[in-house]
Amino acid sequence: MGQEAKFLFIKKKEYIAMVLAGGQGSRLYSLTSKIAKPAVPFGGKYRLIDYTLSNCVNSGIDTVGVLTQYQPLLLNEYIGNGQPWDLDRLEGGVTILPPYQHNVGADWYKGSANAVYQNMHYVERYEPDYVVVLGADHIYKMDYSLMIDFHKEKGADCTISAIDVPLEEASRFGIMNINPDGSIYEFEEKPKVPKSTKASMGIYVFNWDKLRKFLIRDNEDPESSKDFGKNILPTMLHAGEKMFAYTFKGYWRDVGTIESLWEANMDLLDEEDVDSHLPEWKIYSRTTGKPPHYIGHTGSMKNSIISEGCEVYGTVEHSVIFPGVKIYEGAYVKDSIIMENSIINSNTSVDYSIIDEDVIIGCNSTIGEEKSPDSSAGITVIAKDVNIADGITVSPGAMIDGDILN
């Protein structure tokens, strides 16, 4: 069989995307005990991965591999054939790429770079010139095609999307030191003493021929962590490859902690924060098909997101309420996130809290306390499927992952 027929019926693509969606998200604690981090609900009608998939299709990237590993069932079901994101295509579209059985045995992904290495056969089906590597757990709107154009103009081997962060937060990120023309001369993964505030967003454009070479070399290194930030990027830089930083100016938030997830949801209540960059850029999601929400004559809401299928007979202020939630008369919800199909019964207060899916909170209960600059209490979290009996007080900052029945 000739080279031109190596991959029958597969059309060559100039670029494809590989989405790293296998993370556990351990800092989200009980919210990710049963689901992968990219499947965590967000903003009343989304899941975290919706932002990455929507950015891809809006940017003209129609071939996307999603690499899953930890608790993949719900995420796989949610993505399905990719139809909500216009990624149900005969040529390309979205493909779920879990670890699988090789002829020499099964092998879990050992790190972000190893995940792409194990799926090089998928990439090579499309013979791309460029590969865009993305995370699936950040909130932002970005036109990746502009970053690809920048990469081409610079003649780069690797381009890293960068955002300025406060100096006190810089040690949480991969930090780049760059020349005036944007070329990178130093990359440090989570440095204890950062030399700049130019942080990697975990968004990369690679020339595929170069990335392929470094993935193979990295896989053969027994000392490597098999990670892009810790291994691939520093190794490429040390080898003298042309690497550039592409500065991003819009809204971007890493939702890796309970606090940052809560803050990103609250940012949606100030649309100017999230939508000031690319306001026409639609974020797609798999809809629930529920009827419109209903506010009863005893109900009220102020500066909140109330999703379809909700019934509100109590008071909701500055909160994000997901589909199918019921908030009964006398209940008071403030500064909180209530996820799908949860029930807040009569005369119960929920303050500065995250209530996961399918939770039932009884009457006359108190969950969390009012957010205050003078209080050191954290966000109260109630895990999925938990039942809390009548008259229960859950302390501020508590994380409840089992029923409280008396």
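In this report, the structure presented in the accompanying data block is examined. Bear in mind that the values here come from a model prediction, so they are computed numbers and not experimental data. (Residues numbered from 1 in each chain as written. Predicted model: local features only at pLDDT ≥ 70, side-chain atom pairs only at ≥ 80, totals over all residues. Heavy atoms only, no water.)

**Focus on the overall build of the protein chain**
- Tallying secondary structure elements over the protein chain gives 9 helices and 33 strands in all.
- Scaling as 2.2 N^0.38, a compact globule of 406 residues should have a C-alpha radius of gyration of about 22 Å, and the protein chain matches this with 23 Å.
- Dimensions of the protein chain along its principal axes, counting C-alpha atoms only, are 70 × 50 × 45 Å.
- Considering the protein chain as a whole, with its 406 residues, one finds that 54% of them fall into the buried category.
- Here the protein chain has roughly 17,800 Å² of accessible surface; of this, 48% comes from carbon and sulfur atoms.
- A gap of 5 Å separates the mean positions of the 37 positive and 58 negative side-chain charges of the protein chain. (Helix = DSSP H or I, 4+ residues; strand = E, 2+ residues; numbered from the N terminus. Rg over C-alpha atoms; globule rule 2.2 N^0.38 Å. Buried < 20%, exposed > 50% of the residue type's maximum accessible area, 1.4 Å probe, protein only. Areas by Shrake-Rupley, 256 points an atom, 1.4 Å probe, with all protein chains shown as cover. Lys, Arg positive; Asp, Glu negative; His and termini not counted. Charge placed at Lys NZ, Arg CZ, Asp CG, Glu CD.)

**Remarks on the packing of aromatic side chains**
- Enumeration over the complete set of coordinates arrives at 15 aromatic pairs.
- Summarising the aromatic geometry, the rings of Y122 and Y126 are spaced 5.5 Å apart at their centres and angled 70° between planes, so their arrangement reads as edge-to-face. Take Y122 and Y126: they sit in the same class, and that class is buried.
- Through a chain of ring-to-ring contacts, the aromatic side chains of F42, Y46 and Y51 assemble into a single cluster.
- Between R47 and the ring centre of Y78, over which it is positioned, the NZ or CZ distance is 5.5 Å. (Phe/Tyr/Trp six-rings, centres within 6.5 Å; stacked < 30°, edge-to-face > 60°. Lys NZ or Arg CZ within 6 Å of the ring centre and 35° of its normal.)

**Focus on the sheet that holds strand β23 (residues 332-334)**
- Here 6 strands make up an open sheet; going across it, the order is β17-β20-β23-β26-β29-β32 and the pairing parallel. Each edge of the open sheet carries a strand with a single partner, namely β17 (300-302) and β32 (393-394). (Pairing = 2+ DSSP bridges.)

**Regarding the side chain of S353**
- Along the polypeptide, S353 turns up in strand β27 (residues 353-355).
- Reaching out from S353, the side chain makes a polar contact with the backbone oxygen of D351 at a distance of 2.8 Å.
- Each residue touching S353, except ones within four places of it in the same chain, is listed here: W262, D335, S336, I337, I367, G368, I379 and T380. (Polar contact = N/O pair within 3.5 Å; in protein donor to acceptor, adjacent residues only side chain to side chain. Contact = heavy atoms within 4.5 Å.)

**Here we look at the packing of helix α6 (residues 208-219) against helix α7 (residues 228-238)**
- Two elements in contact, α6 and α7, have axes separated by 10 Å at closest approach and are oriented at 120°. Taken together, the axes of α6 and α7 are oblique relative to one another. Judged by the twist between their axes, the crossing of α6 over α7 is right-handed. Along the contact surface, α6 presents K210, L211, F214, L215, R217 and D218, while α7 presents F228, N231, I232, T235 and M236. (Axes fitted to C-alpha atoms, helices over the stretch in contact; angles between N-to-C directions. Parallel < 35°, antiparallel > 145°, perpendicular 65-115°, else oblique. Left-handed = near helix turned anticlockwise from the far one by under 90°.)

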